[in-house]
Amino acid sequence: MKKLKKITPLFLMLLLVGMVALSCNDSDDSGGTSRIKVSMTDAPGDYDAVFIDVVDVKIKSSTDTGESGWVSLSNVTPGIYNLLDLTGGVTVLLADAEVPSGFVGQIRLILGDNNTVVKDGVTYPLNTPSAQQSGLKLQINQTLLPNITYAFLIDFDVNQSIVVQAGGSGNFNLHPVLRITSEAVSGTISGTITNIGVPVMASVTVNGVVVTANTDENGVFVLHGIPDGTYTVTLTPDLTSGLAALTIENVTVVNGQVTALGSISL
């Protein structure tokens, strides 16, 4: 019994520390998620074609330029892209991913080795200086809010980025000149169905496309990626519930904001 009395305070202390740590972790994880879309475009250049080998897109939550802390985005579309196809407002989507909400300091574009330039019908290797081979880093310094979609556009200036070496060697070097812009391009519609235990599908039509979301176990639904505008939200309960569908008209959505419909009874 004496031994048990000596161990109990230590055990209680460890238990208290563990509860505090768990509480902190729960707090850190409660920030929600945001959606990031990374696209690329280009200014025209005096070449037949400029092919860039994109292999990955990464983000970093700090402004530190070191090698630690980089995280690859999910749903990256690697490929060899002709920059001269991306002029006149044309863009290509490189990544579309859900990430933890919060501060994002940098985006990094990782290039492969298959970069080439076509000049007067002749294809030349496009050499990447060693300083750039670890990836092209772009400062964004933006705090992402939960349930918001953010679009980042990388503008690749071909004419300023490609250098022909002197001395008649004909070697082409890639010294990327990039500009990045960002925009919260959509809002979110949320609400809570108070009919306990009734599965409900929320839907809204955006430019002819029906966007849907099902309620969770608490009756909460969230419609992501809804552009600025006024919409009609339709709430369709499970057929077995015997409840009728409900429409909510004149729901206004503002880019970068959440439109909360509050508690709804069917």
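Note that the coordinates shown come from a computational prediction; the quantities given were computed from them, not determined experimentally.

Peer 1: So what's going on with the sheet that holds strand S20 (residues 258–264)? Residues and values would help.
Peer 2: The strands making up a sheet are joined through hydrogen bonds of the backbone, oriented either antiparallel or parallel. Spatially, three strands are ordered S17-S14-S20 in an open sheet, and the strand pairing comes out mixed. Only two strands of the sheet have a single partner each, and these edge strands are strand S17 (220–226) and S20. Strand-to-strand twist of the sheet, defined as the mean angle between neighbouring strand axes without regard to direction, takes the value 10°. Bridge analysis of strand S14 (residues 187–193) against S17 gives five bridges, and the strand direction is antiparallel. In the sheet register, Ser190 faces S17, and the bridge partner there is Val222.

Peer 1: How would you explain the confidence of the model for the protein if you had to name every residue and give the values?
Peer 2: Summary statistics for the protein give a mean pLDDT of 84 and a share of 85% for residues scoring 70 or more. Long-range and interchain partners of residues 1–30, a stretch whose pLDDT sits below 50, account for zero contacts in this model, where long-range means more than four residues apart.

Peer 1: I'd like a description of the nonpolar core, backed by residues and values.
Peer 2: Counting 40 residues, the largest nonpolar core has Met40, Val50 and Leu73 as the members making the most contacts within it. Residue assignment for this core shows that the elements contributing at least two residues are strand S1 (33–43), strand S2 (49–60), strand S5 (92–100), strand S6 (102–111), strand S9 (136–144), strand S10 (149–157) and strand S12 (172–174). If near-sequence neighbours (up to four positions away) are discounted, Met40 is found in contact with Val54, Tyr81, Leu83, Leu86, Val90, Thr91, Val92, Leu94, Leu109, Leu153, Ile154 and Phe156. By size, the runner-up hydrophobic cluster in this structure holds 17 residues, among which are Ile189, Leu223, Tyr231 and Leu235.

Peer 1: Could you give an account of the pairing of strand S16 (residues 209–214), naming the residues involved and the relevant values?
Peer 2: Pairing analysis gives six bridges linking strand S15 (residues 200–206) to S16, with the strands arranged antiparallel. Note that in S16 the partner of Val206 across the bridge is Val209. As consecutive antiparallel partners, S15 and S16 are separated by two residues, and within that stretch Asn207 has a phi angle of approximately 55°, a positive value.

Peer 1: With reference to specific residues and values, describe the packing of aromatic side chains.
Peer 2: The final tally for this structure, using the stated rule, is two aromatic pairs. An angle of 40° between the planes, with centres 4.9 Å apart, marks the rings of Tyr124 and Phe172 as tilted. A residue pair is termed long-range when its members are at least 10 positions apart, and Tyr124 in strand S8 (residues 122–127) and Phe172 in strand S12 qualify at 48 residues. Members of the aromatic cluster, joined through ring pairs, are Tyr47, Tyr124 and Phe172. Looking at Arg108, its charged tip hangs above the ring of Trp70, at a distance of 4.7 Å from the centre.

Peer 1: Any chance you could break down the environment of Asn171 for me, citing the residues and the numbers?
Peer 2: By secondary structure assignment, the location of Asn171 is in the loop between strand S11 (162–164) and S12. Non-local contacts of Asn171, meaning those with residues more than four positions away in its chain, are made with Asn127, Val163, Val164 and Gln165.

Peer 1: So what about the pattern of salt bridges? Which residues, and what values?
Peer 2: For the coordinates displayed, the defined rule picks out six salt bridges. The residue Lys60 makes a salt bridge to Asp64 at a minimum N-O spacing of 3.3 Å. Salt-bridge contacts for Glu67 lead to Arg108; the nearest nitrogen and oxygen are separated by 2.9 Å. With a gap of 41 residues between them, Glu67 in the loop between S2 and strand S3 (71–72) and Arg108 in strand S6 connect regions that are remote in the sequence. Residues joined by salt bridges that share partners form a network here, namely Glu67, Arg108 and Lys137.

Analysis parameters
- Residues numbered from 1 in each chain as written.
- Predicted model: local features only at pLDDT ≥ 70, side-chain atom pairs only at ≥ 80, totals over all residues.
- Heavy atoms only, no water.
- Pairing = 2+ DSSP bridges.
- Helix = DSSP H or I, 4+ residues; strand = E, 2+ residues; numbered from the N terminus.
- Axes fitted to C-alpha atoms, helices over the stretch in contact; angles between N-to-C directions.
- pLDDT = per-residue confidence, 0-100.
- Contact = heavy atoms within 4.5 Å.
- Core = buried A, V, L, I, M, F, W, Y, C linked by side-chain atoms within 4.5 Å.
- Buried < 20%, exposed > 50% of the residue type's maximum accessible area, 1.4 Å probe, protein only.
- Phe/Tyr/Trp six-rings, centres within 6.5 Å; stacked < 30°, edge-to-face > 60°.
- Lys NZ or Arg CZ within 6 Å of the ring centre and 35° of its normal.
- Salt bridge = Lys/Arg side-chain N within 4 Å of Asp/Glu carboxyl O.

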